[in-house]
Amino acid sequence: MENMLYELENVLYMLEYGVFIYFPVNFAIFFLFRQFLLRYFSRSYRPYSTGLTRDKAKVTAVIPEYGESLEIFERCIKSVAKNNPDEIIVVHDDKRKEVVDIAKKYGAKVISLSKRVGKRGALVIGWLNAIGDIIVQLDSDTIMEDNTINEIIKPFADPKVAGVQGRPMLFRTDGRIPYLFGQIIEYSRDIVVRALNGTLNVIDGKIAAYRRSYLLEIIRNFNHDTYGKRRLIVADDKALTYYANMNGYKTVYQATAVAKSAAQLTFLKFLNQQLRWARSGYLYLIKEMRSGLFFKMPGKYRFHMLTYLFAPFSFALALIDALLVPGNPTAWSWSYLAYYGFNIPIILYSLLIFIIGLYLSMKISFVILNLKLPDKMSFLDIITLGILGLFVIFPMFIYAAITHYGVSEWRGSSYLG
């Protein structure tokens, strides 16, 4: 989401005055090169067209639930029932009788807990009570398409596959901005997981599937996961992917297994969600480096992780560097216009350069990544998202890196004891 016109001004300014400016370097590495590389590796991706079928394995769908909208929860479980798994297990700890009634209406087995155990604990309880060879996990606000389970189990014909990522998208609940921002993230992730297929950095728990034998293999590590002396009770998606990659299994993407999850209601809720995810990313990057996994993974995996998590730091460095550059590239280019009689106030000119450049950068990013969003975005939408990305999301990522330990807590509930 860099400002393309400003980058061009910086390049021209450097060439004329021989002054080094970091902005174009940041733009080249963290924008252009990253986007082109992801697009290049994603082009070889093909989803499994054949593989494991329902007559060869039992499937259990596990749905952890806490405080979900009853209307959305019913849509979720109804969609799962239409996929006809061998078993549906709902693990809930919010003590609402309505959840039990809805789940049983669609033939689900309900495990009601007397105290809050968190999502990790709920998942563990679901695995231990499941009869399926394959565990399909989904959030309680996720609505499957009709053939999702048949598609997501196909890769398990390969015994080396431990986890499969389906394709999560969003449906709008309220706010337009969190919905559009969320959709861009999901469509961008589609490119990333295509590029990293086989060694995913995270299997998104909105819609995912795992071999039950793998889950039982890592269940104690998962349920007693720590960071230093702290007990990790969230970041479950990262943990499950981490242990699969660590143990030499394949983690793959099945783009034909589609489901839609609820977009965040407000931008603040969206920001809190992104903060949790960013903290998980930095925390597990450190865990991967400490364990050596990071250095065993393919180069494209390492490149993605570093450019994704350190892009906000690079942008901040570019801004600081720009303040130290003698003169001002924007004022320099404005002076040329003024010389030829274009007397535009420099503040207005700078704002114009920023807005047009931001719009072009976003549009070019969509083209490079071949993002075909399902919703039309206006000029104002694109500018708003670009500004929020640069001046809200990026600083939030830096804050997440500094406070990444916030993804863990001293306390935690354990089903295994």
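Residues numbered from 1 in each chain as written. Predicted model: local features only at pLDDT ≥ 70, side-chain atom pairs only at ≥ 80, totals over all residues. Heavy atoms only, no water.

Moving on, we get to helix H4 (residues 97–105). For H4, the set of buried residues is Val99, Val100, Ile102 and Ala103. One face of H4 carries all of its buried residues, which in axial projection span an arc of 165 degrees. Opposite the packed face of H4, turned more than 90 degrees from it, sit the exposed residues Lys97, Lys104 and Lys105. Structurally, H4 contributes buried residues whose contacts are with strand S1 (59–65), helix H3 (70–82), strand S2 (87–92) and strand S3 (109–112). (Buried < 20%, exposed > 50% of the residue type's maximum accessible area, 1.4 Å probe, protein only. Helix = DSSP H or I, 4+ residues; strand = E, 2+ residues; numbered from the N terminus. Arc of directions from axis to C-beta. Contact = heavy atoms within 4.5 Å.)

This part is about the pattern of salt bridges. Tallied over the entire structure, the rule returns 22 salt bridges. A salt bridge links Asp158 to Lys250; the shortest N-O distance between them is 2.7 Å. Separated by 92 residues along the polypeptide, Asp158 in the loop between helix H6 (148–152) and strand S6 (161–171) and Lys250 in strand S10 (residues 250–262) bring together distant segments of the chain. For Asp158, a relative accessible area of 19% gives the class buried. On the basis of relative accessibility, which here comes to 34%, the residue Lys250 falls in the partly exposed class. What you see here is one network of salt bridges that share partners, running through Glu186, Arg189, Asp204 and Lys206. (Salt bridge = Lys/Arg side-chain N within 4 Å of Asp/Glu carboxyl O.)

A cluster of nonpolar side chains, namely Met289, Phe295, Leu306, Phe310 and Phe313, defines an oily patch on the protein surface of about 430 Å² accessible area. For the nonpolar patch, the element with the most residues is helix H12 (residues 299–324), which contributes three residues. (Patch = residues over 30% accessible without salt bridge, like charges linked within 9 Å, V, L, I, M, F, W, Y side chains within 5 Å. Areas by Shrake-Rupley, 256 points an atom, 1.4 Å probe, with all protein chains shown as cover.)

Relative to the helices and strands, Ser365 is located in helix H14 (residues 346–369). Ser365 sits in the buried class, given a relative accessible area of 11%. At a separation of 2.8 Å, a polar atom in the side chain of Ser365 contacts the side chain of Gln35. Discounting chain neighbours no more than four positions away, the residues touching Ser365 are Phe31 and Gln35. (Polar contact = N/O pair within 3.5 Å; in protein donor to acceptor, adjacent residues only side chain to side chain.)

This next bit is on the packing of aromatic side chains. The way to describe two aromatic rings as a pair is by their centre distance and the angle between their planes. The final tally for this structure, using the stated rule, is 21 aromatic pairs. On the numbers, 5.3 Å between centres and 90 degrees between planes, the contact of Phe294 with Phe295 is edge-to-face. With relative accessibility at 4%, the residue Phe294 sits in the buried group. For Phe295, a relative accessible area of 54% gives the class exposed. (Phe/Tyr/Trp six-rings, centres within 6.5 Å; stacked < 30°, edge-to-face > 60°.)

Right, let's get into the pairing of S2. Of all the six residues making up S2, six are buried; the element is thus mostly covered by neighbouring parts of the structure. Burial along S2 is two-sided: Glu87, Ile89 and Val91 and Ile88, Val90 and His92, pointing in opposite directions, are all buried. In terms of strand pairing, S1 meets S2 through six bridges, oriented parallel. In the strand pairing of S2, Ala61 is matched with Ile88. Chirality of the crossover, the property in question, places the unit of S1, H3 and S2 among those that are right-handed. Pairing geometry for S2 and S3, over four bridges, is parallel. In the sheet register, Ile89 faces S3, and the bridge partner there is Lys109. After leaving S2, the chain enters H4 and then returns to the sheet as S3, a path that is right-handed. (Pairing = 2+ DSSP bridges. Right-handed = clockwise from strand over helix to strand, strands pointing away.)

At their nearest, the axes of helix H7 (residues 176–195) and helix H10 (residues 267–291) sit 8 Å apart, and the two run at 30 degrees to each other. As far as their axial angle goes, H10 and H7 are roughly parallel. Both H7 and H10 take part in a crossing whose hand is left-handed. Facing Ile177, Pro178, Phe181, Gly182, Ile185 and Arg189 of H7, the residues of H10 in contact are Phe267, Phe270, Gln274 and Trp277. (Axes fitted to C-alpha atoms, helices over the stretch in contact; angles between N-to-C directions. Parallel < 35°, antiparallel > 145°, perpendicular 65-115°, else oblique. Left-handed = near helix turned anticlockwise from the far one by under 90°.)

Here Gly126 lies in helix H5 (residues 118–129). Overall, the relative accessible area of 0% leaves Gly126 in the buried class. Between the alpha carbons of Gly126 and Ala57 there is a distance of 18 Å; along the sequence they are 69 residues apart. For Gly126, the residues in contact, after removing those within four places along its chain, are Val62, Ile89 and Val91.

This paragraph deals with the nonpolar core. Counting 77 residues, the largest nonpolar core has Trp127, Tyr214 and Phe222 as the members making the most contacts within it. Sort the elements by how many residues they give to this core and H7 lands first, with 10 residues. Among all residues touching Trp127, those that are not within four sequence positions of it are Ile135, Gln137, Arg212, Leu215, Ile219, Phe222 and Leu240. Membership of the second largest hydrophobic core comes to 32 residues, among which are Cys76, Val110, Ile149 and Val161. (Core = buried A, V, L, I, M, F, W, Y, C linked by side-chain atoms within 4.5 Å.)

Let us look at the packing of H5 against helix H8 (residues 212–223). Relative orientation of the contacting elements H5 and H8 amounts to 145 degrees, with a least axis distance of 11 Å. For the pair H5 and H8, the crossing hand works out as left-handed. Listed contacts from H8 to Arg120, Gly121, Leu123, Val124, Trp127 and Leu128 of H5 are Arg212, Leu215, Leu216, Ile219, Phe222 and Asn223. Here the contact of H5 with H8 is composed, by residue class, of eight nonpolar, two polar and two charged. (Nonpolar A, V, L, I, M, F, W, Y, C, P; charged D, E, K, R; others polar.)

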